[in-house]
Amino acid sequence: MRFRAKIVDLACLNHFSRIINTIAKLAKTCILRLTVCKLYFILSDKVTNGGASMWCELSQGNFFDEFQMEGVAAEHNEIYLEFLPENLWRALKTAQSAKAVKIKLTNKHCPCLRVAVELPSLSSRSRIVTHDIPVGVIPRRMWNDFREPSVPDFDVSIYLPVLKTMKSVVERMKNLSNFIVIEANLSGEMNLKIETDLVSVTTHFKDLGNPPWASEDGCQSSAQGRDLESMAEACIDIKKLQQLLAGQQVNPTKALCNIVRKRIVHFILLHEEVSLQYFIPAIA
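Chains are numbered independently. Their residues run from 1 in the order of the written sequence. Selection of residues for local features in this predicted model requires a pLDDT of at least 70, selection of side-chain atom pairs for listing and counting requires 80 or more, and totals for whole chains, interfaces and linings are taken over all residues. Hydrogens are left out, water is left out, and the side-chain values use all remaining heavy atoms of the structure.

- Going by the annotation in an unreviewed UniProt entry, the name recorded for the protein is Checkpoint protein HUS1, with Motacilla alba given as the source organism.
- UniProt positions are given in the numbering used here, feature names are shortened, and annotations may be inferred rather than shown by experiment. The UniProt entry for the protein carries the following text under Subunit (unreviewed entry): "Component of the toroidal 9-1-1 (RAD9-RAD1-HUS1) complex, composed of RAD9A, RAD1 and HUS1. The 9-1-1 complex associates with LIG1, POLB, FEN1, RAD17, HDAC1, RPA1 and RPA2. The 9-1-1 complex associates with the RAD17-RFC complex. HUS1 interacts with POLB, HDAC1, FEN1, PCNA and RAD9B. HUS1 does not interact with RAD17. Interacts with DNAJC7."
- The Sequence similarities (unreviewed entry) comment attached to the protein in UniProt states, word for word, "Belongs to the HUS1 family."

## Considerations on the packing of helix 1 (residues 10-26) against helix 2 (residues 85-93)
Then step 1. Where helices are involved, their axes are fitted lines through C-alpha atoms of the stretch in contact, as for all axes, and angles between N-to-C directions lie from 0 to 180°. Secondary structure elements are taken from DSSP: a helix is a run of H or I of four residues or more, a strand is a run of E of two residues or more, and numbering for both begins at the N terminus. Contact pair helix 1 / helix 2: the axes reach a minimum separation of 8 Å and the direction vectors enclose 150°. In terms of orientation, helix 1 lies roughly antiparallel with respect to helix 2. Judged by the twist between their axes, the crossing of helix 1 over helix 2 is left-handed. Here Leu13, Phe16, Ser17, Ile20, Asn21, Ile23 and Ala24 of helix 1 lie close against helix 2, whose contacting residues are Pro85, Glu86, Leu88, Trp89 and Leu92. Reported orientations rely on four angle classes, namely roughly parallel under 35 degrees, roughly antiparallel over 145, roughly perpendicular from 65 to 115, and oblique for the rest. In this scheme the crossing of two helices becomes right-handed for a clockwise turn of the near helix relative to the far one and left-handed for an anticlockwise turn of less than a right angle. Two residues form a contact once any of their heavy atoms are found within 4.5 Å.

## Focus: the domain arrangement of the protein
Then step 1. Bear in mind that the domain bounds are from an automatic or database domain assignment. Splitting the protein by domain gives domain 1 (2-145) and domain 2 (156-217 + 226-281).
Then step 2. Placing a centre on the C-alpha atoms of domain 1 and another on those of domain 2 gives a separation of 29 Å.
Then step 3. Put simply, buried area is how much 1.4 Å-probe accessible surface two parts lose in total, over both of them, once they are put together. The junction of domain 1 with domain 2 conceals about 1700 Å² of combined surface from both sides, 62% of it contributed by carbon and sulfur atoms.
Then step 4. By the criterion of area lost to domain 2, the three top residues of domain 1 are Thr22, Lys25 and Leu26, representing 29% of everything that side buries.
Then step 5. Polar contacts, as used here, are pairs of N or O atoms within 3.5 Å; protein pairs need one atom able to donate a hydrogen and one able to accept it. Residues neighboring in sequence count only if both atoms are side-chain atoms. At the surface where domain 1 touches domain 2, the tally comes to 5 residue pairs in polar contact (both at pLDDT 80 or more).
Then step 6. If you list the elements that add at least two residues to the side of domain 1 that touches domain 2, you get helix 1 and strand 4 (53-59).
Then step 7. When residues are grouped by polarity, Ala, Val, Leu, Ile, Met, Phe, Trp, Tyr, Cys and Pro land in nonpolar, Asp, Glu, Lys and Arg in charged, and all others, Gly among them, in polar. Among the residues forming the side of domain 1 that touches domain 2, the class breakdown is 9 nonpolar, 8 polar and 3 charged.

## Overview of the packing of helix 3 (residues 163-174) against helix 6 (residues 238-246)
Packed helices, taken two at a time, are described by the angle between their axes plus the distance between the axes.
Then step 1. Orientation of helix 3 relative to helix 6, taken along the N-to-C sense of each, is 145°, at an axis distance of 9 Å. Once helix 3 is placed against helix 6, the crossing between them reads as left-handed. Contacts between helix 3 and helix 6 involve Leu163, Met166, Lys167, Val170, Glu171, Met173 and Lys174 from the first element and Ile238, Leu241, Gln242, Leu245 and Ala246 from the second.
Then step 2. Taken together, the residues of the contact of helix 3 with helix 6 sort by class into 8 nonpolar, 1 polar and 3 charged.

## Topic: the packing of aromatic side chains
Then step 1. Aromatic rings from Phe, Tyr and Trp, with only the six-membered ring used for Trp, were paired whenever their centres fell within 6.5 Å, and each pair was classed as stacked if the ring planes differed by under 30 degrees, edge-to-face if by over 60, and tilted otherwise. Tallying each qualifying case throughout the model produces 7 aromatic pairs.
Then step 2. Note on Tyr40 and Trp55: the rings are 5.2 Å apart at their centroids and 50° apart in plane angle, and the pair reads as tilted. Remark: Trp55 occurs in strand 4 and Tyr40 occurs in strand 3 (residues 38-44); sequence separation between them is 15 residues. Here Tyr40 and Trp55 have matching classes, each one buried.
Then step 3. Here Phe64 and Phe67 contribute two aromatic rings whose centre-to-centre distance is 5.4 Å and whose plane-to-plane angle is 55°, an arrangement assigned as tilted. Under the scheme applied here, a residue whose accessible area is under 20% of the maximum for its type counts as buried, over 50% as exposed, and between as partly exposed, the area being computed with a 1.4 Å probe on protein chains only.

## As for the environment of Arg127
Then step 1. Take Arg127: it is sitting in strand 9 (residues 127-134).
Then step 2. Take Arg127: its relative accessible area is 49%, and that puts it in the partly exposed class.
Then step 3. Counting along the chain gives 130 residues from Arg127 to Cys257, while the straight-line C-alpha distance between them is 45 Å.
Then step 4. When residues no more than four places from it in sequence are discounted, the contact partners of Arg127 are Val117, Glu118, Leu119, Pro120 and Ser121.

## Let's talk about unusual backbone geometry
Then step 1. Unlike most non-glycine residues, Asp207 shows phi in positive territory, near 55°.
Then step 2. In this structure, Lys262 is a non-glycine residue whose phi angle is positive, near 60°.

## A closer look at the sheet that holds strand 13 (residues 190-195)
Then step 1. For two strands to be treated as a pair, DSSP must find at least two bridges joining them. Strand order in the open sheet formed by 4 strands is 14-13-12-15, with antiparallel pairing between adjacent strands. Here the strands that pair on one side only, and so sit at the sheet edges, are strand 14 (200-205) and strand 15 (232-237). Taking the axes of each pair of neighbouring strands and ignoring which way they run, one obtains an average angle of 20° across the sheet.
Then step 2. In the sheet, strand 12 (residues 179-184) pairs with strand 15 via 6 bridges, with the strands oriented antiparallel. When the sheet's bridge partners are listed, Val181 is paired in strand 15 with Cys235.
Then step 3. Here helix 6 sits on the sheet in contact with strand 12, strand 13 and strand 15, set at roughly 90° to strand 15.

## Here's the deal with the state of the cysteines
Then step 1. Any cysteine sulfur atom paired with another within 2.5 Å is treated as part of a disulfide. Across all of its chains, the model carries 0 disulfides by this definition.
Then step 2. For Cys37, which is in no disulfide, the shortest distance to another cysteine sulfur is to Cys56 and amounts to 16 Å.
Then step 3. Owing to a relative accessible area of 51%, Cys37 belongs among the exposed residues under this scheme.

## A few points about the nonpolar core
Then step 1. Buried Ala, Val, Leu, Ile, Met, Phe, Trp, Tyr and Cys residues that are joined via side-chain atoms within 4.5 Å together make up what is termed a nonpolar core. Core analysis: the biggest nonpolar cluster contains 78 residues, and Phe3, Phe16, Phe41, Leu192, Leu241 and Phe267 have the highest contact counts within it.
Then step 2. In this structure, this core is formed jointly by two domains, domain 1 (2-145) and domain 2 (156-217 + 226-281), each of which donates at least three residues.
Then step 3. Apart from the residues within four sequence positions on either side, Phe16 is in contact with Ile7, Leu39, Phe41, Leu58, Phe63, Phe64, Leu92 and Ile103.
Then step 4. Ile42, Trp55, Tyr80 and Phe146 belong to the second largest nonpolar core, which has 8 residues in total.

Here you go:
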């Protein structure tokens, strides 16, 4: 089992660092799945315990100048590592003006991701700062626990408003309640609501648009014959939503959410070479 990679391009490095920062804000520990073409960052708190789950994937070719890996076996050419994303982000933070960053899986005293940051120096010799990030190697028998979560058969799919606007609304509401109701319909309308014994607040968004699959794909949500005005709603933990919005370092080109009435809210944030899915279960 071997893995080594190198980033030379500074823009790619800073972009990669922002993605890791976003992940660190969403997950204390996560699984890094390495394949020949892609990297996946996976958080699978058991949804049954009310935990959120995350699936973020990026193509290695868009970030790394060199990328070599050998998985646990020829027919299972993958590696699964458990680590603290905060540690990787701290290591990358020291690399903001680096000439190159090398990442390698090592096993001296324990398995580690070694991040070697080559910094520019005035002399001819470059300075190299090394960070060893402990990782746990996930055995093959457990890989199935970290498969891509299936997209639930949703009632409504809608584009999100500008995330900054949504974030400031949610931050204000967070001081009033621990729960928030998200509701949306197939006419491009979405409401964020909180209701307590003392106060009831609703923010309305309209003309957001619904992704094409909401109407075309009959099996996904069979919009035909449905009331376009009728709202599908789910009540979720406001802190989890705020975490997602506050952690956004990757300005997505598309952001949308799928609502399964009273069951789950599924967010999808897309950037050219990155997709992040985040699932927040509804509170009964």
